[in-house]
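Inside the fold
This is what each chain is made of:
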Amino acid sequence: MSRISSAFKKGRPAFIGYLTLGYPTLEMSLEAAAVLAESGCDILELGIPFSDPLADGTTIQRASQAALEGGITPRRCLEAAALLRGRANIPLLFMSYYNPILALGQKAFCAACREAGVNGFLMVDLPPEEGENLEAEAKNNGLDMVYLLAPTSTRERVRLVAQHSRGFIYLVSLTGVTGPREALPPELEQFVARVRPETSLPLCVGFGIAGPEQAKRVARVADGVVVGSRLVQLLEEPQPLEKLKSFALGLRKALDSIRG
Amino acid sequence: MPLPDKKGRFGDYGGKFVPEVLMPALQELETAYARASAEPAFWSRFHALCKDYAGRPTPLYHAHHLSQQLGGAQILVKREDLAHTGAHKINNALGQALLAYAMGKRRIIAETGAGQHGVAAATACAMLGLECIVYMGEEDIQRQSLNVFRMKLLGAEVRPVASGSRTLKDAINEAMRDWVSNVQTTYYLIGSVVGPHPYPMMVRDFQAIIGKEAREQVMAAWGRLPDYIVACVGGGSNAIGIFYPFLQDEAVKLIGVEAAGRGLETGEHSASLMAGAPGVLHGSRSYLLQDEAGQVRPTHSISAGLDYPGVGPEHAYLKDTGRATYVGVTDSQALEGFQLLCRAEGIIPALESAHALYYAAQLARERFKEELIIVNLSGRGDKDMQVVANALGITL
């Protein structure tokens, strides 16, 4: 059992928190990650910024651009993850687009992830059809490569992703880009129910989740909840770390309230 | 074996690198295109529109004055500037709009750089009664304001894109985000041989009408194939369109002209094939202008239509196999080519096409009188008056 899959415990929905590395600064994103790890977050999803994040909404676009302007690179993200590994005792998962990984080299990237203590990654623009090489390198280095499913995924594709994904499956809650929404789609429960019989992997739902109420709705059917853009937005407010901490604790409490 | 293969690959290039939400849509598109392109009725509809609506075939004009002036090879100009809307873009827009219609999609989105594809898409949508939304970078909106007005007249909504470099690349990002969000109801009418499979293949198939006509025309008028074909390459659709029907004719040399901007050595250019490295952007693997960390680099060209950091995957394949060669022409050289054609032949070319013209003129000088060079004059230059005037230091 991988470190990522062991973060899922029966009857305790997992909280996966996303942050863009290097935003607002590298130091700040590391502090924020450490705060999340101490405040009920079960898996840290760390974004390696890309210049053309076409699956992301305005919040993560802005964060990525600012982080790149601040000089963030995949190598610095790896160094940051290694530092974080010393401070946070929960699984670390990279999230990125394929090109920065290709530029670094798939083999080199996976080896560096292992050395830094990163446990896996997901690539937004790399479906299983194109992921063979990176999957093989991930496996060689004991990393989980997580694939995504969307509400548009056909049964055939659900099976394909179930076959290839490791650690968990990331279910994109809506047909759209990242970013908090007023409401999640009404079909969400059906979507999760449609995937469930096809796999024994934990199912985590992300995209659009803005707060505890939506998280609770998701956690009633899924094994984990991913919150991303909302956390990034909190870092833009005054007293960001305090706000992040109280948001994370609130979310944890909401998730715990529906256990069993 | 015909390319792309089943995975949408041209050798190592192409493929489908998109978020999962789009994968089913690409499969649907592949199936719909396979079905449509197997039906003679689809193609007869396409050809009828190309003829009666877009004014095809476009002439292959022997530029005698220019050829005489240069004193070398004969330059033949494929007059895509005379196609409806003033550029080759209409061929693809008609083909894809017909496909979208057949698929029952009534909301069309498109991206545009110079505005030529936006105008072509808006035109095809107006004619077929489809809703049309065009994403365009703010910088391009500024330098191509005439085309923005044309799109609006044609009933399209033009959405300014303020992210990133505010040019074509970012317009594609934003169109993709729209597609991700509205995939069930929306058809993405991409304007070049870029993007995920099946776009590079489909756009090529629609644009190949340029090369098919040119082949017949040169055979009819000269009784032989040309020695060279020269075309500008941004995304590369006009170039693939004219190259494709000649790929098997090994004696015909194919030359793609990239925008060398302020010079390759300055880093301010859009020459992906000459100065880039393989990478993944906008759904396919191809040559890409990127930094050592894999971030896409800002580009520059005097012509908005060439100002793009990527290039169609089939060009990447043609480069690696050596079947086509790729060269660079700078902003100032393109301006020279632009003025040359205006004065020698009374034809005002688009700045994009002026890159190809400049190179063809240089080549013609070095070649024998008996040799034939076909230049794809991909569009007309009316849209570029402001930019050319500025570059020449003239206030309009």
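For the structure itself, consult the block above.
Let me sum up the structure you'll find in this document. (Residues numbered from 1 in each chain as written. Chains lettered and ligands numbered in written order. Predicted model: local features only at pLDDT ≥ 70, side-chain atom pairs only at ≥ 80, totals over all residues. Heavy atoms only, no water.)

Turning next to the overall build of chain A. A count of helices and strands for chain A gives 11 helices and nine strands. Computed over the C-alpha atoms, the radius of gyration of chain A is 17 Å, within 12% of the 18 Å expected from 2.2 N^0.38 for a compact globule of 260 residues. Residues counted as buried form 63% of the 260 residues belonging to chain A. In chain A, of all internal contacts separated by at least 6 residues, the share reaching a separation of at least 24 is 72%. If the 28 positive side-chain charges of chain A are averaged to one point and the 28 negative ones to another, these points end up 7 Å apart. (Helix = DSSP H or I, 4+ residues; strand = E, 2+ residues; numbered from the N terminus. Rg over C-alpha atoms; globule rule 2.2 N^0.38 Å. Buried < 20%, exposed > 50% of the residue type's maximum accessible area, 1.4 Å probe, protein only. Contact = heavy atoms within 4.5 Å. Lys, Arg positive; Asp, Glu negative; His and termini not counted. Charge placed at Lys NZ, Arg CZ, Asp CG, Glu CD.)

Residues and elements named next belong to chain B. The terminal C-alpha atoms of helix H13 (residues 331-345), which comprises 15 residues, lie 21 Å apart, in line with the 21 Å expected from a rise of 1.5 Å per residue. Among the residues making up H13, those that are buried are Asp 331, Ala 334, Leu 335, Gly 337, Phe 338, Leu 341, Ala 344 and Glu 345. Looking one or two residues past H13, Gly 346 carries a phi angle of roughly 70°, positive in sign. (Expected span 1.5 Å × (residues − 1).)

In this section: the interface of chain A and chain B. Opposite the 34 residues of chain A that make contact, chain B presents 35 residues. Contact with chain B buries surface across chain A, with Asp 52, Leu 54 and Glu 130 of chain A losing the most and accounting together for 24% of the total. Here chain A is connected to chain B by three salt bridges. Put simply, Glu 20 of chain B and Arg 157 of chain A hold a salt bridge, and the shortest N to O gap is 2.8 Å. Here chain A is connected to chain B by 19 residue pairs in polar contact (both at pLDDT 80 or more). Only helix H2 (58-69), helix H4 (98-104), strand E6 (148-149) and helix H7 (155-164) of chain A provide two or more residues apiece to the side of chain A that touches chain B. (Buried area = accessible area lost by both parts, 1.4 Å probe. Salt bridge = Lys/Arg side-chain N within 4 Å of Asp/Glu carboxyl O. Polar contact = N/O pair within 3.5 Å; in protein donor to acceptor, adjacent residues only side chain to side chain.)

Turning our eyes to something else, we now look at the sheet that holds strand E7 (residues 157-161) of chain B. Residue and element names in this part refer to chain B. Taken together, four strands build an open sheet; the order of strands is E7-E6-E5-E8 and the sheet is parallel. Each having just a single partner strand, E7 and strand E8 (186-188) make up the two edges of the open sheet. Ignoring which end each strand starts from, the neighbouring axes of this sheet average 25° apart. Helix H8 (residues 168-181) rests against strand E5 (107-112), strand E6 (131-137), E7 and E8 of the sheet, and its axis sits at about 160° to E5. (Pairing = 2+ DSSP bridges. Axes fitted to C-alpha atoms, helices over the stretch in contact; angles between N-to-C directions.)

Inspection of the entire model under this criterion finds 16 aromatic pairs over all chains. Seen in terms of ring centroids, Tyr 98 of chain A and Phe 17 of chain B are 5.6 Å apart; in terms of plane orientation they differ by 20°. Their pairing is stacked. Taken as a pair, Tyr 98 of chain A in helix H4 and Phe 17 of chain B in the loop between strand E2 (13-14) and helix H1 (23-37) lie in two separate chains rather than in one. With a relative accessible area of 4%, Phe 17 of chain B lands in the buried category. Summarising the aromatic geometry, the rings of Trp 179 of chain B and Tyr 199 of chain B are spaced 6.1 Å apart at their centres and angled 75° between planes, so their arrangement reads as edge-to-face. In this pair, Trp 179 of chain B sits in helix H8 while Tyr 199 of chain B sits in helix H9 (residues 199-222), placing the two residues 20 residues apart along the sequence. Across the pair, Tyr 199 of chain B and Trp 179 of chain B agree in class, each one buried. One residue, Arg 106 of chain B, lies across the ring of Tyr 101 of chain B, its end atom 4.1 Å from the ring centre. Directly above the ring of Tyr 287 of chain B sits Lys 319 of chain B, whose terminal nitrogen or CZ lies 5.3 Å from the centroid. (Phe/Tyr/Trp six-rings, centres within 6.5 Å; stacked < 30°, edge-to-face > 60°. Lys NZ or Arg CZ within 6 Å of the ring centre and 35° of its normal.)

Here we come to the side chain of Ser 192 of chain B. Residues and elements named next belong to chain B. Here Ser 192 is to be found in the loop between E8 and H9. We classify Ser 192 as buried; its relative accessible area is 8%. There is a polar contact of 3.4 Å between the side chain of Ser 192 and the backbone nitrogen of Gly 236. Not counting chain neighbours up to four residues away, the residues in contact with Ser 192 comprise Lys 89, Glu 111, Val 203, Gly 235, Gly 236 and Ser 237.

Another aspect to go through is the side chain of Arg 157 of chain A. Residues and elements named next belong to chain A. Positionally, Arg 157 belongs in helix H7. Assessed through its relative accessible area of 2%, Arg 157 is described here as buried. A distance of 2.6 Å separates a polar atom in the side chain of Arg 157 from a polar atom in the side chain of Glu 129.

With that out of the way, let us pick up the sheet that holds E6 of chain A. Residues and elements named next belong to chain A. One open sheet holds the nine strands; their spatial order is E5-E4-E3-E2-E1-E9-E8-E7-E6, and the pairing between them is parallel. Each end of this open sheet is capped by a strand with a single partner; those strands are strand E5 (144-145) and E6. By the bridge criterion, four bridges tie strand E2 (residues 43-47) to strand E3 (residues 92-96) in an arrangement that is parallel. By the bridge assignment for E3, Leu 46 is matched with Phe 94.

Residues and elements named next belong to chain B. Looking at the secondary structure, you find Phe 10 in strand E1 (residues 9-10). Residue classification places Phe 10 among the buried residues on the basis of a relative accessible area of 1%. When near neighbours in sequence (up to four residues on either side) are disregarded, Phe 10 contacts Leu 3, Pro 4, Pro 200, Met 201, Arg 204, Pro 313, Glu 314 and Tyr 317.

It is worth spelling out unusual backbone geometry at this point. A cis amide bond links Leu 3 of chain B to the next residue, Pro 4 of chain B, at an omega of 5°. Its location among the elements puts Pro 4 of chain B in the segment before E1. Of the consecutive residues His 197 of chain B and Pro 198 of chain B, the connecting peptide bond is found in the cis state with omega at 10°. In this model, Gln 239 of chain A sits at a positive phi of 50°, which is unusual for a non-glycine residue.

Phe 94, Phe 109, Phe 121 and Phe 168 of chain A together with Leu 99, Tyr 187 and Phe 243 of chain B are the most contacted members of the largest nonpolar core, which totals 200 residues. It is H9 of chain B that contributes the most residues to this core, nine residues altogether. Listed in part, the 29 residues of the second largest apolar core include Tyr 228, Ala 344, Ile 347 and Ile 373 of chain B. (Core = buried A, V, L, I, M, F, W, Y, C linked by side-chain atoms within 4.5 Å.)

Attention now goes to the packing of helix H4 (residues 89-102) of chain B against H9 of chain B. Residue and element names in this part refer to chain B. Viewed as axis vectors pointing N to C, H4 and H9 meet at an angle of 125°, and their least axial separation amounts to 8 Å. The angle between H4 and H9 falls in the class oblique. The chirality of how H4 crosses H9 is right-handed. Judged by residue contacts, Lys 89, Asn 91, Asn 92, Gly 95, Gln 96 and Leu 99 of H4 engage Tyr 199, Met 202, Val 203, Phe 206, Gln 207, Ile 209 and Ile 210 from H9. (Parallel < 35°, antiparallel > 145°, perpendicular 65-115°, else oblique. Left-handed = near helix turned anticlockwise from the far one by under 90°.)

Locating Met 219 of chain B in the fold gives a position in helix H9. Excluding residues within four positions of it along the chain, Met 219 of chain B makes contact with Arg 224 and Leu 225 of chain B.

All names here are of chain B. The geometry of H1 relative to H9 is characterised by a closest axis approach of 11 Å and an angle of 30° between their N-to-C directions. Of the possible angle classes, the one that applies to H1 and H9 is roughly parallel. The element H1 and its partner H9 pack so that their crossing is left-handed. Across the interface between the two elements, Leu 26, Leu 29 and Tyr 33 from H1 touch Tyr 199, Met 201, Met 202, Asp 205 and Phe 206 from H9. Residue composition of the contact of H1 with H9, grouped by class: seven nonpolar, no polar and one charged. (Nonpolar A, V, L, I, M, F, W, Y, C, P; charged D, E, K, R; others polar.)

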